[in-house]
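# Observations on the model geometry
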Amino acid sequence: MTDAQPHNDGGSQQGKTGPPPWRRLIRPLLLALGMTLFIFGCGDIIQRLWLGNVPMPVLHLLFQIEGILSSIVVAGTVSWMIIRSSPAFLTQPAMDDADLCRPGVTPLERSKMYAQWFIAMRWIAVLLAAVLVFISVQVFAWLPGTVWRPLMATVAVLAVLNVFYTILARRHGVGPRLLSAQVYVDLVILTVLLQFSGGIENPLSMMMIFHVIIGGILLSRRECYWIAAFASFLFAALAWGEWSDLLTHYTLQLYPHVRQANGELFHPAEQSLYVMSRSVLQGVVMFLTAYFVTTLAERLRQNERRLETLAERATAGQQLLEQSLETTGAGLRVLDGELRGYWDNARWRQWCACPTGPDCASFELLNGSGSPARQTLEDGKIRVTEVVMEPGGGCPPGAAPEQCPGRILQVTTAPLANAQGRVQRIVELAQDVTRQKRAQEQMARAGQLAAVGELAGRVAHEVNNPIAIISTKSRLLLADHRSEMSPKIAQELAKITDYSDRVARIAQGLLSYCRPSPGTRAPLDVRQPIRKSLAMVEQNARNAGVAVLDELPAALPPVSANSNELEQVFLNLFLNALDAMSGGGRLRVSAVVLEGTAGRPRAVAVTVEDSGVGIPPSVRDRIFEPFFTTKQEGRGTGLGLSICLGVVRGHGGEIRVESEPGKGSRFIVQFPADEAGRPKNTDG
């Protein structure tokens, strides 16, 4: 996931670092050395107790068997150690869904790890070789003292080469060529060590099989066969050199020898049949080992590639799921049998806003003891729950409250069962239904307002005539009989006249809102009613310390409208703007032409902008409702913007508001351009 991942402990295993390679090598190599000494010790005891009269060829054969068994034990033990420690190459541990989604080990990383293993094993080999040389020469005198320096020098060369390999691997990286070069050089050094420690009579001559196994595991089949051929060639060259006296044969006293009649020891390495049979046997063992190891390695590599393919498919499927969920805007969470977070996507985490992962303690309804997830886990039923998030709630650390608006989530909780029908996991799908809920509320409110508007229209119609009679009668009384009245009565009649006029205006506003009259419409330059309205409020603006900025363009396309109705619209907007700037400010009026197809004007958009106190977000959606006002009691009827909305919509236009508390408001009134008209310049 982008950003979505499984929440389990498996992912942490990959990042853990174990002990250094040399520490992990000590135990298996010491075990191999102990088993070798055990095999030779048991063979020596058997030879002394029960095989004293056995012919020498049989003893030679038994001694070679001991060497072969020891070599196989050492090679097998170290190889098993490599197999067990390899990174998902020769081992196939139990894998879950999270393991399939993790990236595999790259070839470069694998080569680097194998090189480190190889270098670490060589250090152990240097130590063991030095110990064996010391025991064989200085302690038990199994080898003559003349070979002490050549053997130790060869061991020193191996140590120096290992230092060189370490530096080269750190500076220039590791590749197959460096690994194969190390194998070839090690075979040459091993051949030199064998030549000074008994030659082909040394039972550990089969240790060359270890390098063939390493080549089969780390390198290609072809390279492994070349290593087997090279090892067979070196052994044959060593055998031929000792047989032809080209190389000095050093007697290994541990190997059983027979003293001949002339007093010299009988050395099988000087017998043609023995040399030939040992060379053939060595070659057969090398090539058979190469065949079996490479066959096994190739099969395991195929399994690894198959697992990598499955991992890629699983990763692609997970990414597709995450993209699909992000596209639909849904949040998804999966819980395990203990109701712990197993997987969630970024949208769920965004809504939860919990830094600890998918277990959001802030949603008690979703995570409490009586949560739908727990109930579904118990009875296996699907549940649909609504979660109301208050504005500013569930914000991530450092986020501003306005960045976390309130929302309503519809959470569907469903069980995930296994093949036996047992619920193992719980999936929760969260959808933001805030808009749908708000739309339903607005539809219900619109229905209520329609009913109120119809009732208000009827009341206004019934009230209009009596109020007109009251207003007329009171004016006639004041005009014809003022001299006959006392000042108190005349003052009260004047109040009756004023209040009746106010009631008449309210009734007329109600009638205009409920039953708007189409009036006479003609192509009109919208700047004319705007400037007439500005002239009406000019004195009020000057008294309030408000600067009026007329930024209307020189030419605008005409609109089909009624001039008196547009004057009423803009006059209401200007008066509201002045009321919002009691301490002074700026009133700016501008207009733009919205282009349509083929370059023809589509509409004229007029902007009325003030620098007043602004409109709070909590009431911004209600300002066009009839009888809704934020002004002080007695200063507004709550019908101004409602009438404006009705007039603008009656002209086929639209009106919208943009406001921010403390920074003023902006009303954009848009009228469709007259199709037959062209822009007019009436500025003189």
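Preceding block: the structure.
Residues numbered from 1 in each chain as written. Predicted model: local features only at pLDDT ≥ 70, side-chain atom pairs only at ≥ 80, totals over all residues. Heavy atoms only, no water.

### Let's talk about the overall build of the protein chain
- When helices and strands are tallied, the protein chain shows 17 helices and 14 strands.
- Entry remark: accessible area of the protein chain is about 38000 Å², with carbon and sulfur atoms responsible for 58%. (Helix = DSSP H or I, 4+ residues; strand = E, 2+ residues; numbered from the N terminus. Areas by Shrake-Rupley, 256 points an atom, 1.4 Å probe, with all protein chains shown as cover.)

### Here we look at the environment of L641
- The residue L641 is located in helix α17 (residues 640-650) in this model.
- On a C-alpha basis, the gap between L641 and I655 in space is 9.9 Å, while along the polypeptide they are 14 residues apart.
- Aside from chain neighbours lying at most four places away, what touches L641 is L573, N576, I623, F624 and F667. (Contact = heavy atoms within 4.5 Å.)

### Concerning the sheet that holds strand β13 (residues 654-659)
- Within the open sheet, the five strands sit side by side as β9-β11-β12-β14-β13. Their pairing is mixed. Strands at the two margins of the open sheet, each flanked by one partner only, are β9 (546-551) and β13. Across the sheet, the mean angle separating the axes of adjacent strands is 15° when strand polarity is ignored.
- Inspection of the sheet shows strand β11 (residues 585-595) paired to strand β12 (residues 601-610) by nine bridges, in the antiparallel sense. Bridging across to β12, V589 finds its partner in V608.
- Against the sheet, helix α16 (residues 563-579) touches β9, β11, β12, β13 and β14 (665-672), its axis set at about 30° to β12.
- Packing of α17 onto the sheet brings it into contact with β13 and β14, and relative to β14 it is tilted by some 25°. (Pairing = 2+ DSSP bridges. Axes fitted to C-alpha atoms, helices over the stretch in contact; angles between N-to-C directions.)

### So, the packing of aromatic side chains
- Counting across every chain of the model gives eight aromatic pairs.
- With 5.3 Å between their ring centres and 70° between their planes, Y291 and F292 make a pair best called edge-to-face.
- If you follow R425 out to its NZ or CZ, it ends over the ring of Y342, 4.4 Å from the centre. (Phe/Tyr/Trp six-rings, centres within 6.5 Å; stacked < 30°, edge-to-face > 60°. Lys NZ or Arg CZ within 6 Å of the ring centre and 35° of its normal.)

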